[in-house]
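Observations on the model geometry
Spelled out, the chains give:
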Amino acid sequence: MWCLMDTNYGNNRMKWGLWRFRDENWEPRPGFFSWSLITRYTERASTVHPVSSDASDAVAVAFRAPNNGPWTILAVNRRKTARPFTLKGLPPKSRWLPYVYSEKTIPTADRGMIRAGQRAQADSKGNLDGMLPLNSFVLWRQEAGD
């Protein structure tokens, strides 16, 4: 992140921070919520693993926590429509908590964090099917013990 909060440079305020300036009550900007997911559910010294996609406007990557810890998968759907997805090669029967960052899920009134969605489970072959919401960032966190 270039700057954590809005910063004045001369007479201009750079409005790229994760939260607004004091005169706006340090209100979180939308990007704060996606960044908070990444920093909360990825761990230092994780290994990085590519995730392939057949769509040029979808990007995904997987992280494995140190010492064979839990996996975290990140995906971005840049389309203005929802799209189906299949994650392959996951541990069979593993359980996953999805965290969806989209225009509909950004917390506003209570400034709470993005909460996990409905638990998903990979099938016996290690495939997980679902839908990526339109214009979204989704993080899946493997539940402990899987």
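Everything that follows concerns the structure shown earlier in this document.
Note that the structure is predicted; figures quoted are calculated from it, not measured. (Residues numbered from 1 in each chain as written. Predicted model: local features only at pLDDT ≥ 70, side-chain atom pairs only at ≥ 80, totals over all residues. Heavy atoms only, no water.)

What to know about helix α1 (residues 30–41)
Every buried residue of α1 is accounted for by Phe32, Phe33, Ser34, Ser36, Leu37 and Tyr41. On its buried face, α1 sits against β5 (71–77), β7 (95–101) and β10 (136–142). (Buried < 20%, exposed > 50% of the residue type's maximum accessible area, 1.4 Å probe, protein only. Helix = DSSP H or I, 4+ residues; strand = E, 2+ residues; numbered from the N terminus. Contact = heavy atoms within 4.5 Å.)

Some remarks on the nonpolar core
One finds Ile73, Leu87, Leu90, Trp96, Leu128, Leu132 and Trp140 to be the most contacted residues of the largest nonpolar core, which totals 14 residues. Listed by contribution, the elements that provide at least two residues to this core are β4 (58–64), β5, β6 (83–87), β9 (128–132) and β10. Broken down by element, the residue count for this core peaks at 3 residues, all from β5. Setting aside residues no more than four positions away along its own chain, Trp140 makes contact with Trp71, Thr72, Ile73, Ala75, Phe85, Leu87, Trp96, Leu97, Pro98, Leu128 and Leu132. Among the nonpolar cores identified, the runner-up in size contains 12 residues, and Leu37, Tyr101, Ile114 and Phe137 belong to it. (Core = buried A, V, L, I, M, F, W, Y, C linked by side-chain atoms within 4.5 Å.)

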